[in-house]
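The lines below spell out each chain.
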Amino acid sequence: MREKSVSKQESLKFCMDKIVVNKQACFHCGDTCSSDVIISFDDKSFCCTGCKTVYQILNKSELCDYYSFNEEAGVKVDSNRDSNKFAFLDNPAIAAQFITFANQQQTALKFFLPQIHCSSCLWLLENLHKLNPAVYFSSVNFPAKEVTIHFDQFRLSVRELAELLASVGYEPHITLDSTADAAREHSMLSRKALIKIGIAGFCFANIMMLSFPEYLGLETLARDGLDPRMFRILNLLLSLPVLFYSGTEFFVNSWYGFKQKMLNIDAPISLALVVAFLRSLYEIGTGTGAGYLDSMTGIIFFMLLGRAFQTKTFANLKFNRDYKSYFPIAVCRINENKEELYLPVTEVSVDDCIRIRNNEVIPVDGILAQGKAEIDYSFVTGENETTTVKIGDIVYAGGKQTSGIIDLLVVKPFSQSNFTRLWNNEAFKKEEKNGYTFTGIISNYFAAGVLLIAFASFIYWMNVNPANAWDAMTAVLIVACPCALLLTTTFTQGFLLNIFSRYGLYLKNGNIMQTIPFVDHIVFDKTGTLTYPNISTVKYEGKSILPEDELVFASMFAQSLHPLSKSIAQHFSVKGKLLANIKEVPGGGIEAWENDAHYKLGSAEFVGKQGVVKTGSEVWISVHDQILGKFEVANLLREHVDEMINRIPCDVSVLSGDNNRSEHYLNAQFNRKMQYHFNQSPENKLEYIAALRSKNNTVMMVGDGLNDAGALSKSNIGLAVVDNTVQFSPASDAILLAEKLPFLLQYIRAAKQSKNLITLTFIISLIYNVFGIYFSVTAQMSPLVAAILMPLSTLSIVLTTLTGSYLIEKNCFKNVNRPVAS
């Protein structure tokens with residue numbers, strides 16, 4: 001029998017990170033090189049063979065200026081990348097979806113590259129022709145992180161082009177919804193909005209210039225045959241495309257509001273536009289005046305400009321992602337001759353045999369036919385541990401294979417998989433939410449108030465001086481247009497949305513910001529939201545371990561593919577070795593024979609420990625059937641999240657698909673009363689949010705995976721937490737970078753202060769409206785007065801919102817660092 005060590009080593013500190021001696025930065029990516037894995041080449045140090053390979057490629061093509069533009073410019077490359085990863089692009093039907101132009105001389109395609117982050121990236125990607133002469137030229141859309149490449153399709157295939165990009169660290173991000181058609185549709189919508197603004201701005205500026213004689217009282221003068229009526233007619237012609245093209249969205253939105261039996265803010269604006277145009281048409285036709293075409297076109301121009309400013313920050317973010325953003329565009333099918341053929345995932349049929357490689361998402365439900373399946377369902381279920389699937393058992397769509405290559409026999413096509421049906425469930429679809437909007441509340445009364453004043457002034461002047469009755473009524477309808485109110489909200493929200501985005505929070509629209517101050521219950525998902533998704537704490541409880549035994553156990557954990565073993569292996573202070581006599585027992589653990597000793601690690605039953613009540617994710621160890629102890633693996637709470645949770649002034653709940661083993665750990669971290677709900681399915685989470693809302697709570701749901709999709713949809717505000725803006729996230733109202741989660745209270749405080757700023761700017765706009773209504777009701781309104789009031793009110797509002805936004809940023813985000821480009 002072996003004696004146990006009684007050395008100074010009372011317990012192993014497995015929670016500590018491995019100390020790195022002689023730290024050196026990788027010349028390519030800037031990461032720290034471990035002292036035992038430094039790779040040297042050309043008198044430079046690299047952290048891995050992937051980084052060294054990229055340097056060699058760039059050096060060979062004389063492109064090392066890439067490193068001179070920015071420090072740590074390089075992107076880490078996976079040196080173990082599958083050589084067949086882009087084989088599906090050999091399928092012409094799939095490749096064609098990324099092609100934007102083609103003729104006999106050249107082909108152009110567009111790829112999404114989430115790695116783009118600095119000027120070095122732009123320089124390298126626009127010099128791809130030096131890496132391969134079959135590339136003619138390339139251009140980068142930096143905000144959209146897209147590259148358009150023109151190349152010779154007879155010398156370079158789409159697959160080879162994707163592999164070329166991947167070889168230098170810019171692997172194209174390709175999913176089921178990342179096709180050129182989707183990009184073109186989005187681009188067309190953006191271009192159309194810009195064209196409308198351009199037309200409105202051009203016509204507004206020219207109408208203002210042609211109206212100067214009217215402003216200066218020179219409309220009765222004629223020189224060199226120029227008749228003032230000609231200028232008025234030109235103004236009328238210039239106003240037509242503004243009203244009937246640029247301004248159509250105001251009329252369309254008003255019509256939708258009427259169909260839903262409600263008055264939105266666009267309704268009184270549309271009324272003002274129609275009245276201004278009809279009165280101008282009448283005055284120009286009868287020769288009695290020049291009308292209010294300058295004010296009308298100015299209203300449309302500034303409204304469109306404000307709305308574009310509010311949405312420009314998020315042109316490249318997706319808040320309404322569906323399952324297509326999660327799945328690969330193609331799948332590898334094995335035919336009767338055991339050959340690999342790639343076809344679109346939507347064309348997979350029942351009884352097809354498909355091959356899934358390591359870290360690939362499983363797109364369909366299938367029976368495991370070959371290979372070792374360790375499936376990570378955390379995105380679907382919220383359960384953090386992987387599932388071991390035996391030959392003949394079903395593997396469900398939405399999971400990710402984590403241990404090598406497997407073959408599946410398809411039992412359901414893509415459109416009928418459990419994952420797709422779950423996503424397409426009506427309860428899980430994103431619903432349009434009627435949040436608290438200041439403009440929505442005001443617009444319900446604004447139109448009625450304006451009509452009341454207009455008709456009152458008409459009746460008054462009909463009794464006093466009928467000649468002024470029509471002028472007074474129409475002037476009220478024109479001047480009392482709520483454009484100043486709309487400018488107040490659009491510019492205030494635009495400035496603040498821009499500030500929020502700079503600090504890692506991306507709101508879908510300004511209405512979400514107006515709802516945040518009313519939140520009285522925040523619900524958090526646990527796994528991946530409050531805790532790190534891939535980082536765990538490892539704690540050892542038991543007897544001391546001899547150094548030679550520690551080496552063997554470190555080797556056993558390192559050779560295992562189980563996620564728990566991987567977590568424990570990372571926390572050993574000794575480097576393992578390759579064991580020859582090792583055996584894995586499915587569902588039990590691993591055993592090895594080394595140094596004339598029999599080692600075991602795995603479940604309590606596997607090592608011979610009976611009657612153990614499992615309190616968490618744990619791995620037991622034994623030597624010669626003598627049990628030494630166990631390793632406990634637990635999720636690690638994100639840094640500073642506990643401080644944030646403890647300071648939240650409203651009710652807080654935690655929902656998790658995991659079991660309740662972590663409740664004790666969470667209670668120890670949070671010093672407040674909270675509600676915990678474990679073993680929650682996606683449907684359970686949705687029902688919990690629905691129950692809170694039925695009690696008139698305003699609920700914010702904070703989650704990260706598909707298992708949170710229903711809850712995010714059902715809540716008043718759905719906040720998706722991601723590690724970067726490219727990462728897949730379910731449909732949501734807002735996207736928050738995970739590193740900024742501890743600052744959630746700062747965002748809430750900023751939203752509350754923005755509500756006060758909107759109120760202030762509304763009061764300013766109301767003052768201008770009072771002045772305008774006074775001149776209108778007293779029949780003193782002229783085009784000159786209208787031309788002065790409109791830009792003056794706009795300028796005042798923009799300056800007020802700009803100053804207020806600066807103060808909010810300074811007050812709420814002084815301790816928040818801006819995130820690096822992702």
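About the thresholds
- Residues numbered from 1 in each chain as written.
- Predicted model: local features only at pLDDT ≥ 70, side-chain atom pairs only at ≥ 80, totals over all residues.
- Heavy atoms only, no water.
- Helix = DSSP H or I, 4+ residues; strand = E, 2+ residues; numbered from the N terminus.
- Buried < 20%, exposed > 50% of the residue type's maximum accessible area, 1.4 Å probe, protein only.
- Contact = heavy atoms within 4.5 Å.
- Areas by Shrake-Rupley, 256 points an atom, 1.4 Å probe, with all protein chains shown as cover.
- Pairing = 2+ DSSP bridges.
- Expected span 1.5 Å × (residues − 1).
- Arc of directions from axis to C-beta.
- Salt bridge = Lys/Arg side-chain N within 4 Å of Asp/Glu carboxyl O.
- Patch = residues over 30% accessible without salt bridge, like charges linked within 9 Å, V, L, I, M, F, W, Y side chains within 5 Å.
- Axes fitted to C-alpha atoms, helices over the stretch in contact; angles between N-to-C directions.
- Parallel < 35°, antiparallel > 145°, perpendicular 65-115°, else oblique.
- Left-handed = near helix turned anticlockwise from the far one by under 90°.
- Nonpolar A, V, L, I, M, F, W, Y, C, P; charged D, E, K, R; others polar.
- Polar contact = N/O pair within 3.5 Å; in protein donor to acceptor, adjacent residues only side chain to side chain.
- pLDDT = per-residue confidence, 0-100.
- Phe/Tyr/Trp six-rings, centres within 6.5 Å; stacked < 30°, edge-to-face > 60°.
- Core = buried A, V, L, I, M, F, W, Y, C linked by side-chain atoms within 4.5 Å.

1. Observations concerning the overall build of the protein chain
Broken down by element type, the protein chain carries 27 helices and 30 strands. Looking at the 822 residues of the protein chain, the share that counts as buried comes to 51%. A fraction of 69% describes how many contacts in the protein chain between residues 6 or more apart in sequence connect residues 24 or more apart. A total accessible area of about 38300 Å² is found for the protein chain, and carbon and sulfur atoms account for 56% of it.

2. Re the pairing of strand S24 (residues 617-623)
Across the seven residues of S24, seven count as buried, placing the element largely inside the fold. Bridge count between strand S23 (residues 597-602) and S24: four bridges; the pairing is antiparallel. Residue pairing in the sheet places Gly602 in a bridge with Trp620 of S24. Note that S24 and strand S25 (residues 626-637) share seven bridges and pair antiparallel.

3. Observations regarding helix H24 (residues 682-694)
The first and last C-alpha atoms of H24 sit 19 Å apart over 13 residues, in line with the 18 Å expected at 1.5 Å per residue. Of all the positions in H24, only Pro682, Lys685, Leu686, Tyr688, Ile689 and Leu692 are classed as buried. All buried residues of H24 fall inside an arc of 160 degrees around its axis, so they share one side. Across H24 from its buried face, at more than 90 degrees, point the exposed residues Glu687 and Ser694. After H24 finishes, the residue Asn696 shows a positive phi value of roughly 70 degrees.

4. Topic: the environment of Gly198
In this fold, Gly198 is placed in helix H6 (residues 180-210). C-alpha of Gly198 to C-alpha of Leu305: the two residues are 107 residues apart in sequence and 9.6 Å apart in space.

5. Considerations on the pattern of salt bridges
If charged atoms from side chains of opposite charge come close, those side chains can pair. A complete count under the given rule lists 17 salt bridges for this structure. The salt bridge partner of Asp352 is Arg333, with a shortest N-O separation of 3.8 Å. Residue Asp352 is found in the loop between strand S10 (340-344) and strand S11 (353-356), and its partner Arg333 is found in strand S9 (residues 330-334); the two are separated by 19 residues along the sequence. One salt bridge connects Lys630 with Glu618, and the closest N-O pair in it is separated by 3.4 Å. Pair noted here: Lys630 is in strand S25 and Glu618 is in strand S24, with a separation of twelve residues, a long-range link. Comparing Lys630 with Glu618 shows no difference in burial state: the two are buried. Look at the salt bridges and you will find they share partners, linking Glu340, Arg355, Arg357 and Asp407 into a network.

6. A few points about a nonpolar patch on the surface
Residues Met230, Ile233, Leu234, Leu237, Leu240 and Phe244 make up a contiguous nonpolar surface patch of about 530 Å² in total accessible area. Structurally, the position occupied by Ile233 is in helix H8 (residues 228-246). A residue is classified by how much of its surface remains accessible, and Ile233, at 44% relative accessible area, is partly exposed.

7. Notes on the packing of helix H10 (residues 266-286) against helix H15 (residues 469-479)
With their axes 8 Å apart at the nearest point, H10 and H15 run at an angle of 135 degrees to one another. As far as their axial angle goes, H15 and H10 are oblique. In this structure, H10 crosses over H15, and the sense of that crossing is left-handed. In this structure, H10 uses Leu271, Ala272, Val275, Ala276 and Arg279 to contact H15, whose residues at the interface are Asp471, Thr474, Ala475, Leu477 and Ile478. By residue class, the composition of the contact of H10 with H15 is seven nonpolar, one polar and two charged.

8. A few points about the side chain of Ser715
Mapped onto the elements, Ser715 comes out in the loop between helix H25 (709-714) and strand S29 (717-722). For Ser715, a relative accessible area of 0% translates into the label buried. Of note is the side chain of Ser715, whose polar atom sits 3.0 Å from the backbone oxygen of Leu712. One polar contact links the side chain of Ser715 to the main-chain carbonyl oxygen of Ile717, over a distance of 3.0 Å.

9. Observations concerning the environment of Leu451
In this structure, Leu451 sits in helix H14 (residues 438-464). Residue classification places Leu451 among the partly exposed positions, given a relative accessible area of 33%. A C-alpha to C-alpha distance of 9.3 Å links Leu451 and Pro268, two positions 183 residues apart in sequence. Apart from the residues within four sequence positions on either side, Leu451 is in contact with Leu271 and Leu477.

10. A look at the confidence of the model for the protein chain
Residues at a pLDDT of 70 or more form 79% of the protein chain, whose mean pLDDT is 78. Confidence scores differ between elements of the protein chain, with helix H13 (residues 418-424) showing the lowest mean pLDDT of 58 and strand S19 (residues 521-525) the highest of 93.

11. Concerning the packing of aromatic side chains
Counted by the stated rule, this structure contains 21 aromatic pairs. Ring geometry for Phe244 versus Phe277: centroids 5.9 Å apart, planes at 85 degrees, classification edge-to-face. In this pair, Phe244 is assigned in helix H8 and Phe277 in helix H10, connecting sequence segments 33 residues apart. Centre to centre, the rings of Tyr747 and Phe813 are 5.5 Å apart; their planes meet at 55 degrees, and the pair counts as tilted. With Tyr747 in helix H26 (residues 744-777) and Phe813 in the segment after helix H27 (783-812), the pair connects residues that are 66 residues apart, well separated along the chain.

12. Description of helix H9 (residues 248-259)
Across its twelve residues, H9 extends 17 Å between first and last C-alpha, which sits within 8% of the 16 Å expected from 1.5 Å per residue. Directly beyond the C-terminal end of H9, a positive phi value near 60 degrees is found at Lys261.

13. Description of the environment of Ser120
As for its position among the elements, Ser120 is in helix H4 (residues 119-125). For the pair Ser120 and Tyr66, spaced 54 residues apart in the sequence, the C-alpha separation amounts to 5.4 Å.

14. Quick notes on unusual backbone geometry
Positive phi, close to 55 degrees, is recorded for Glu62, a residue that is not glycine. For Glu62, the position within the fold is in the loop between helix H1 (49-60) and helix H2 (66-69). Residue Glu62 is classed as exposed on the basis of its relative accessible area, which comes to 69%. The residue Lys338 is not glycine, and still its phi comes out positive at about 65 degrees. By secondary structure assignment, the location of Lys338 is in the loop between S9 and S10. Take Lys338: its relative accessible area is 68%, and that puts it in the exposed class.

15. Here we look at the nonpolar core
Within the largest apolar cluster, 54 residues are counted, with the highest numbers of intra-cluster contacts made by Leu58, Phe88, Leu89, Phe111, Ile149 and Tyr170. It is helix H5 (residues 158-167) that contributes the most residues to this core, six residues altogether. Apart from residues no more than four positions distant in its own chain, Ile149 is found in contact with Thr107, Ala108, Leu109, Leu128, Val135, Phe137, Ser138, Leu161 and Leu165.

16. A closer look at the sheet that holds strand S27 (residues 675-677)
Pairing is mixed in the open sheet, where seven strands are placed in the order S18-S30-S29-S28-S19-S26-S27. Either end of the sheet is taken by a strand with one partner, and the two such strands are strand S18 (505-507) and S27. The average angle at which neighbouring strand axes cross in this sheet is 20 degrees, direction not considered. Here S29 pairs with strand S30 (residues 734-737) via four bridges, running parallel. Within the sheet, the bridge partner assigned to Val721 lies in S30 and is Leu736.

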